[in-house]
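Each chain, written out:
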Amino acid sequence: MEIIEYQAPSEMAQFFELIKLLYPKMSEETYMQMLADMAEQQNYKMVVVFVEGKPVALCGYIIGVMFYCGKYLQMTNLIVLPEYRQMSIASKITAYLQQ
């Protein structure tokens, strides 16, 4: 199992099929436009989990700062393929992002 971070929308584009599991009506054009907007406006990034070279999970995230709480992590769109859901992948993603 390998976790890889992606920052550029052009890199994240390849994971459209995973995102479609949560948003089946979303077009690839909308996905690309939203990725570009989120990366530019919110410094959106993504981690992807690979098992034997296959992307099986992803999680978008934003690291921000607020007066009331300081630095924070906002995780978005956590997706794990159904056949990989008993492998604690979501827990591994959470632990990775909390580092």
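All of the points below concern the structure found in this document. (Residues numbered from 1 in each chain as written. Predicted model: local features only at pLDDT ≥ 70, side-chain atom pairs only at ≥ 80, totals over all residues. Heavy atoms only, no water.)

### Quick word on the overall build of the chain
Within the chain, the secondary structure is distributed over four helices and four strands. Reading the chain from its N end, one meets helices and strands in the order β-α-α-α-β-β-β-α. Expected size for 99 residues packed as a compact globule is a radius of gyration near 13 Å; at 14 Å, the chain falls within 12% of this value. Here the C-alpha coordinates of the chain stretch approximately 40 × 30 × 20 Å along the principal axes. Relative to its full complement of 99 residues, the chain shows a buried share of 36%. (Helix = DSSP H or I, 4+ residues; strand = E, 2+ residues; numbered from the N terminus. Rg over C-alpha atoms; globule rule 2.2 N^0.38 Å. Buried < 20%, exposed > 50% of the residue type's maximum accessible area, 1.4 Å probe, protein only.)

### Observations concerning the nonpolar core
Most often, soluble globular proteins keep nonpolar side chains buried together rather than apart. By size, the foremost hydrophobic cluster in this structure holds 29 residues, and its most contacted members are Phe15, Tyr31, Met46, Val56, Leu58, Ile89 and Ile93. Of all elements in the fold, only helix H2 (16–22), helix H3 (28–42), strand S2 (45–51), strand S3 (54–66), strand S4 (70–80) and helix H4 (89–97) reach the threshold of two or more residues within this core. (Core = buried A, V, L, I, M, F, W, Y, C linked by side-chain atoms within 4.5 Å.)

### Thoughts on the pairing of S4
In this sheet, S4 lies alongside S3 in antiparallel orientation, the contact comprising nine bridges. Paired with alanine 57 across the strands is valine 80, a residue of S4. Taken together, S3 and the strand that follows it, S4, pair antiparallel across an intervening segment of three residues. (Pairing = 2+ DSSP bridges.)

### What about the sheet that holds S4?
In space, the four strands of this open sheet follow the order S1-S2-S3-S4, with antiparallel pairing throughout. Each of the sheet's edge strands pairs with one partner strand only, and the pair in question is strand S1 (2–6) and S4. Neighbour-to-neighbour, the strand axes of the sheet open up by a mean angle of 25 degrees, direction not taken into account. Contacts from H4 reach S1, S2, S3 and S4 within the one sheet, and its direction differs from that of S4 by about 155 degrees. (Axes fitted to C-alpha atoms, helices over the stretch in contact; angles between N-to-C directions. Contact = heavy atoms within 4.5 Å.)

### A closer look at the environment of isoleucine 63
Considering the arrangement of structural elements, one finds isoleucine 63 in strand S3. On the basis of relative accessibility, which here comes to 42%, the residue isoleucine 63 falls in the partly exposed class. For the pair isoleucine 63 and lysine 45, spaced 18 residues apart in the sequence, the C-alpha separation amounts to 8.9 Å. Not counting chain neighbours up to four residues away, the residues in contact with isoleucine 63 comprise Lys71, Tyr72 and Leu73.

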